[in-house]
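# A structural walkthrough
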Amino acid sequence: MSQEKPDKPQIFRSGRWFDPDDLRSFGHRSRAMQMGYSRRDFEGKPFIAIVNTWSDINQCHQHFRHRVEDIKRGVFQAGGFPLELPALSLSEPFVKPTTMLYRNLLAIETEELLRSHPIDGAVLMGGCDKTTPGLLMGALSVGLPFIFFPAGPMLRGNYRGEVLGSGSDTWKYWDERRAGKIGIEEWNEVEGGIARSYGHCMTMGTASTMTAIADALGLCLPGASSIPAADSGHPRMAADCGRRIVEMVLEDLRPDRILDARAVANALAVAMSLGCSTNAIIHLIAIARRAGVPLSLDDFDAAGRSTPVIANIRPSGDRYLMEDFFYAGGLCALMRRLSDRLDLEAMTVSGRSLGQSIADAEVFDPDVIRSLEDPIYHEGSLAVLRGNLAPDGCVIKPAACEARLREHEGRALVFDDYPQMKAAIDDESLDVDADTVLVLRGAGPQGGPGMPEWGMLPIPKKLLRQGVRDMVRLSDARMSGTSYGACVLHIAPESHVGGPLALLRSGDRVRISVGERRIDMLVPEQEIAARRSAWIAPEPRFRRGYGWMFARHITQANEGCDFDYLQSDFGSNPGEPDIF
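Residues numbered from 1 in each chain as written. Predicted model: local features only at pLDDT ≥ 70, side-chain atom pairs only at ≥ 80, totals over all residues. Heavy atoms only, no water.

## Observations regarding the overall build of the chain
To keep it simple, the criterion reads: Each helix is a run of DSSP H or I of at least 4 residues and each strand a run of E of at least 2, with the numbering of both proceeding from the N terminus. Our radius of gyration is a C-alpha quantity, and the globule rule it is checked against amounts to 2.2 Å times the number of residues to the power 0.38. Note on classification: 1.4 Å probe, protein chains only; a residue is buried when its accessible area is under 20% of the maximum for its type, exposed when over 50%, partly exposed between these limits. Every residue pair with non-hydrogen atoms within 4.5 Å of one another is taken to be in contact. Note on areas: Shrake-Rupley with a 1.4 Å probe; residue coverage comes only from the protein chains shown. For this count, His and the chain ends are skipped, Lys and Arg are scored as positive, and Asp and Glu as negative. Charge placement uses NZ in Lys and CZ in Arg. For Asp and Glu, CG and CD serve respectively.
Across its full length, the chain carries 20 helices and 14 strands. At 24 Å, the chain has a C-alpha radius of gyration in line with the 25 Å of a compact globule built from 580 residues. Along the first, second and third principal axes, the C-alpha atoms of the chain reach 80 × 55 × 45 Å. In the chain, which comprises 580 residues, the share counted as buried stands at 61%. Considering only intrachain contacts with a sequence separation of at least 6, the fraction spanning at least 24 residues in the chain is 76%. Carbon and sulfur atoms provide 50% of the accessible area of the chain, an area that totals close to 22,600 Å². Charged side chains in the chain number 65 positive and 77 negative. The centres of these two groups are separated by 3 Å.

## Focus: the packing of aromatic side chains
Using the following cut-off: Think of it this way: a Phe, Tyr or Trp ring, Trp meaning its six-membered ring, pairs with another when their centres are within 6.5 Å, and the plane angle makes it stacked under 30 degrees, edge-to-face over 60, tilted otherwise.
Following the criterion strictly, the structure yields 16 aromatic pairs and no others. Ring geometry for F18 and F47: centres 4.9 Å apart, planes at 40 degrees, overall tilted. Of this pair, F18 sits in helix α1 (residues 15-18) while F47 sits in strand β1 (residues 47-52), and the two are 29 residues apart along the sequence. Classification of F47 by relative accessible area gives buried; the value is 3%. With 5.7 Å between their ring centres and 80 degrees between their planes, F550 and F563 make a pair best called edge-to-face. Taken together, the residues F550 in helix α20 (residues 545-553) and F563 in the segment after α20 connect sequence positions 13 residues apart. What makes F550 buried here is its relative accessible area of 2%. Members of the aromatic cluster, each reached through a chain of ring pairs, are F18, Y37, F42, F47 and F81.

## Overview of the pattern of salt bridges
The condition that has to hold: What makes a salt bridge here is a side-chain nitrogen of Lys or Arg within 4 Å of a carboxyl oxygen of Asp or Glu, nothing more.
Applying the stated criterion to the full structure yields 43 salt bridges. With a shortest N-O distance of 2.7 Å, R531 and D508 are connected by a salt bridge. Placement of the pair is R531 in helix α19 (residues 525-534) and D508 in the loop between β12 (487-488) and β13 (509-513), with a sequence separation of 23 residues. Here the two residues R531 and D508 agree in accessibility, since each one is buried. Where salt bridges share partners, they join E92, K130, E453 and R478 into one cluster.

## Some points on the nonpolar core
Short version of the rule: Here, the term nonpolar core denotes a set of buried Ala, Val, Leu, Ile, Met, Phe, Trp, Tyr and Cys residues that are joined through side-chain atoms within 4.5 Å.
Core analysis: the biggest nonpolar cluster contains 116 residues, and L217, F325 and L334 have the highest contact counts within it. The leading source of residues in this core is helix α11 (residues 261-274), at 9 residues. In this view, L217 contacts I258, L259, A263, V264, A267, L284, I287 and M347; residues no more than four positions away in its chain are not counted.

## Quick word on unusual backbone geometry
Each neighbour pair has its own omega, and for K96 with P97 the value is 0 degrees, a cis peptide bond. The residue P97 is located in the loop between β2 (81-86) and α5 (103-116) in this model. Cis geometry is found at the peptide bond from R314 to P315, where omega equals 10 degrees. Relative to the elements of secondary structure, P315 occurs in the loop between α13 (297-306) and α14 (322-327). One non-glycine residue, L90, adopts positive backbone phi at about 55 degrees. Inspection of the secondary structure puts L90 in the loop between β2 and α5. By relative accessible area, which is 4% here, L90 ends up buried.

## What about the confidence of the model for the chain?
Our working definition: Per-residue confidence from the predictor is reported as pLDDT, which spans 0 to 100.
Predicted confidence across the chain gives a mean pLDDT of 95, with 98% of residues reaching 70 or more. Taken together, the stretch residues 1-8 has pLDDT below 50 and engages in 12 contacts with residues farther than four places along the chain or on a different chain.

## Some points on the environment of D256
Note that D256 resides in the loop between α10 (233-251) and α11. Given the relative accessible area of 61%, D256 is considered exposed. Along the chain, D256 and S25 lie 231 residues apart, while their C-alpha atoms are 30 Å from each other.

## Here we look at the side chain of N279
The condition that has to hold: In protein, a polar contact means a hydrogen-donor-capable atom and an acceptor-capable atom, both N or O and within 3.5 Å, with residues adjacent in sequence counting only if both atoms are side-chain atoms; elsewhere, any N or O pair within 3.5 Å suffices.
Topologically, N279 is positioned in helix α12 (residues 279-290). Judged by its relative accessible area of 0%, N279 is buried. One polar contact links the side chain of N279 to the main-chain carbonyl oxygen of M479, over a distance of 3.1 Å. Not counting residues within four places of it along the chain, the set of residues in contact with N279 comprises T206, E453, R478, M479, S480, G481 and H490.

## Comments concerning the state of the cysteines
Put simply, the rule reads: Two cysteine sulfurs form a disulfide in these notes if their separation is within 2.5 Å.
Considering all chains together, one arrives at 0 disulfides under this definition. Looking at the unpaired C60, the closest cysteine sulfur is the one in C128, lying at 3.5 Å. Summary of cysteine pairing: C220 is not part of a disulfide, and the nearest cysteine sulfur, belonging to C241, is at 7.5 Å.

## With respect to the environment of A303
Take A303: it is sitting in helix α13. Taking C-alpha positions, A303 is 6.9 Å from L268, a pair spaced 35 residues apart along the chain. In contact with A303, other than residues within four places in its own chain, are L268 and M272.

## Section: the pairing of strand β9 (residues 407-415)
Note the threshold: Two strands qualify as a pair provided DSSP detects at least 2 bridges between them.
Both β9 and β13 contribute to a ladder of 5 bridges, which runs antiparallel. Looking at the pairing, G410 lines up with V510 of β13. In terms of strand pairing, β9 meets strand β10 (residues 437-440) through 4 bridges, oriented parallel. Following the sheet pairing, L413 is matched in β10 by L438.

This is the structure in structure tokens:
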């Protein structure tokens, strides 16, 4: 239960702008009146920002135009004054070269929007991949009460009576078309049936992963991340967010009482049990560090070794999608299955502990949400590998690749950039076989630039025709959470800054072992040293602008790809703005 509202009048942060009897506050009040508001609308009420990442070109957030009105309804009902503040939209498929280049820009915008305006609390509207971590990182750095409002997954796709999953079936059917198994007519039908409603990807991709992590961190109304975008429960949840944020302001329930080490540990366990996107590593490290909670690749690997995957959701699962997960009981039901592995005393934005929030949750389909004794994969979703190719670590998703490739040695075929790889991959004369290790470099945080989702390298066409559907692929890139296969990602340090991946050559032998958590190029140390001495650093990607700043301050994948000057240990926050 939420705490009772105090009887005494509240002194709100927004009052610094509106309450004094002086010239500047006169200006603030008169300009509010210019917008059609009277004193009765805002006087003595908490000002609630609704940070909206809607745009005409964000497919996941098309319903936000309407949901913002539902949130406002809840704010008004609870006695608050809602103000919609638009923010960077970050549409995953349309923003190039990658939305990851701009995640931190959204975090900066969110932080400065909340700090510079007369805001007492906020509802953050996000869901499309990078919007969730960007919004959370910015709001955590401000420290005002906030609730994250998740966009919700879209409905299942459909093609000739077959259920389609976002991304995962895109790659599947594209390979079938490249192999000559389907034609343009079938391909066009898949195109028209794979995304049937607003909302984010309904596989356990990055969007579903990150909204579930926000939920497990205690930053959503419990279970909100599972509600499909098109379900009538979604606008009701929006209004609930509006009502609850007003109560949070009155209770002074700030994120430092919610996002602590317990919450991060809970989110880590939940992510692993979901078969989470590999992108969870980068984003959760960045989020945790904004809150001053240490988190490293070793923490992910430890959780991966001990937490089974119990959400039977594609691509780690073999059949179901987020809509099925919601009907099976959703995230609260999954967390109740995991309750012995969670800290149930952790606080949530509801004002109740995690344990109280999930106490009545039930699993309605045990094939969708498995028991710990009957998981779909006995270890967690992710494994961290290290070795002379990745001294600072890299990641693989063992549950989503063919079992035979978890222990593998093969000859490297190295591509220096994506255009080179794309030009070669369909060449029938390409010197490649099923044991070859495909390598793409120059695709990391600085090299990409922005670490694009290029890590699921296409299977060469000649191998597709032979029936090959998975092979070992290495890169310093990321991959979509909807992707699958034996893809080793986030190799750190990246090749662009001189990481060992820059020294690998076609024909070198590469060995990976998920069991041993190793990745190595089988090249003598003396030869590696000689190559390093001869290595020439590439030209900078940017000479001016945001990209120039990005390149100078971005950290590597194992550190969360945040800007170094925005992490909590860089310096103290600037405090409240002066008003003169």
